[in-house]
Amino acid sequence: MSTTHPETLALHAGWRADPATTAVAVPIYQTTSFLFESPEHAADLFGLRALGNIYTRIMNPTTDVLEKRVAAIEGGVAALAVASGQTASAFAVQNLARTGDNIVSSTDLYGGTWNLFANALKDQGIEVRFVDPQDPEAFARATDDRTRAYYAETLPNPKLRVFPIAEVAAIGRRFGIPLIMDNTAAPLLVRPFDHGAAIIVYSLTKYLGGHGTSIGGMVVDSGNFDWEAHAERQPLLNTPDPSYHGAVWSQAVKPLGPIAYILKMRVTLLRDLGAAISPFNSFLILQGIETLALRMRAHCENASAVVEFLKNQPQVSQVIHPSTATGADFERALKYLPRGMGGMVGMELKGGAEAGRSFIKALKMFYHVANIGDTRSLAIHPATTTHSQLDEAEQIATGATPGYVRLCIGIEHIDDIVADLAQALAAVE
Ligand code: PLP
């Protein structure tokens, strides 16, 4: 499809009609296996001489449309859908780093990613070096010969400070290191590849699915990173892979296009670890993506109105949103988020943890859940939930201060959103 307009790609990319039935909606191909045309055809598929369906753990036609659609929206060349956002983050790193290697990551991360990096990957011998994203050069200082990737989130909560994508991507490219961006909180608002990122990771569970029904994840390959030019820096793509007849991925995949990174992930990590998304979830997430542009616009508009409302409330000492940032943070918000500043809003309640608890208890329409990116408005008090295992100093460092409440603004009528917030604030001492 020649257009780059995301509203159109969200409806059309990767699909016209079912070749067998002419069905317009993408069917749910609920099958484990696919019939080979002949023994030669089967051998070609397994040998990667031809691309096609083999087994739903590795690929599926419903999931294929989802992958093509997200890749098109992001301006990437190919994508791999997986069982969850957690798997997407893990695979994005494990595809480049093995025991003894390291990556450098922003400290501003979703808690689950933090745990994955600080514990699970560490146990696998992959060290994650955390640096403050406010100083892009910190990524360069933490880099050594065994650094294989940089990792960050576009719009991390609770701080909601926009990550300096272009600055860190440029530093990485100096060393032959790709920047992996988790764009879960800002689909359509930011296209990380436009700023030099090499890989995008999504939790599809959030805004892309949008309706709070399905867990899923995605890794998108920009095709813009020259793995072969950095053979020493990126050995997993440039040395023979014993798990695939000694294939050197940067060479073997060349005839198929610049998809070495993502194809390797599909035919090794997904094949071996098996964290496949179900075709039914792919179908539901495709339904969500059809209205992503409309929803993101509504989330952003409603969130801006909530920011204005909260600024004038006596119980609120601070409103946290990219639009209320100052200095370099505000400059970055303007640079990276011209299409809208996101659906998440933080607020600091003067009454601290007790006020946070009372506020959450008093909400009538907002759902008290540990999720983001749903059509419905959501709220959580991090200090007593998502960040409760951290000590006080760590809570403050991560931005989960005692009086902080995270709101994820939905697409209900703004009057109803504000009315629920107003009555819940009235319940706070
Ligand atoms: N990345 C971000 C920014 C998230 O908020 C989440 C989940 O909350 C994840 C990744 C993990 O996604 P999932 O829950 O689909 O595994």
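Residues numbered from 1 in each chain as written. Predicted model: local features only at pLDDT ≥ 70, side-chain atom pairs only at ≥ 80, totals over all residues. Heavy atoms only, no water.

Draft legend 1. Broad picture of unusual backbone geometry. Look at the link from N157 to P158: it is a cis peptide, with omega at 10 degrees. Relative to the helices and strands, P158 is located in the loop between β4 (147–153) and α7 (165–175). Backbone geometry places L48, a non-glycine residue, at a positive phi of 60 degrees. Take L48: it is sitting in the loop between α2 (39–46) and α3 (61–74). (Helix = DSSP H or I, 4+ residues; strand = E, 2+ residues; numbered from the N terminus.)

Draft legend 2. Expanded view of the domain arrangement of the protein. On domain assignment, one finds that the protein holds domain 1 (6–286) and domain 2 (293–426). Here the C-alpha centre of domain 2 lies 29 Å away from the C-alpha centre of domain 1. Considering only the surface of domain 1 that becomes buried against domain 2, P158, L189 and Y207 emerge as the three largest contributors, covering 27% of it. Scanning the region where domain 1 abuts domain 2 turns up 2 salt bridges. Residues R332 and E167 are paired through a salt bridge, measuring 3.8 Å at the closest nitrogen-oxygen approach. Where domain 1 meets domain 2, there are 13 residue pairs in polar contact (both at pLDDT 80 or more). (Domains from an automatic or database assignment. Buried area = accessible area lost by both parts, 1.4 Å probe. Salt bridge = Lys/Arg side-chain N within 4 Å of Asp/Glu carboxyl O. Polar contact = N/O pair within 3.5 Å; in protein donor to acceptor, adjacent residues only side chain to side chain.)

Draft legend 3. Focus on the site of the ligand. The local shell around the ligand holds 13 residues, among which Q86, D182, S203, T205 and K206 are the closest. The backbone of G85 places a nitrogen or oxygen atom 2.9 Å from an oxygen atom of the ligand. In the model, an oxygen atom of the ligand is placed 2.8 Å from a nitrogen or oxygen of the S203 side chain. Here the ligand loses 90% of its free accessible area of 390 Å² to cover by the protein chains. (Near = heavy atom within 4 Å. Areas by Shrake-Rupley, 256 points an atom, 1.4 Å probe, with all protein chains shown as cover.)

Draft legend 4. Focus on α3. Its 14 residues give α3 an end-to-end C-alpha distance of 20 Å, which sits within 8% of 20 Å, the value for a rise of 1.5 Å per residue. The buried fraction of α3 amounts to 11 of the 14 residues, a majority that puts the element mostly inside the structure. Every buried residue of α3 is accounted for by P61, T62, T63, V65, L66, E67, R69, V70, A71, I73 and E74. Turning to α3, the residues buried within the fold contact α1 (6–12), β1 (78–82), β6 (199–203), β7 (217–221), α10 (260–273) and α11 (279–290). Two to three positions downstream of the cap, the backbone nitrogen of T62 sits 2.8 Å from a side-chain oxygen, assigning the N-cap of α3 to N60. In the segment just after α3, G75 is the residue with positive phi, at about 75 degrees. (Expected span 1.5 Å × (residues − 1). Buried < 20%, exposed > 50% of the residue type's maximum accessible area, 1.4 Å probe, protein only. Contact = heavy atoms within 4.5 Å.)

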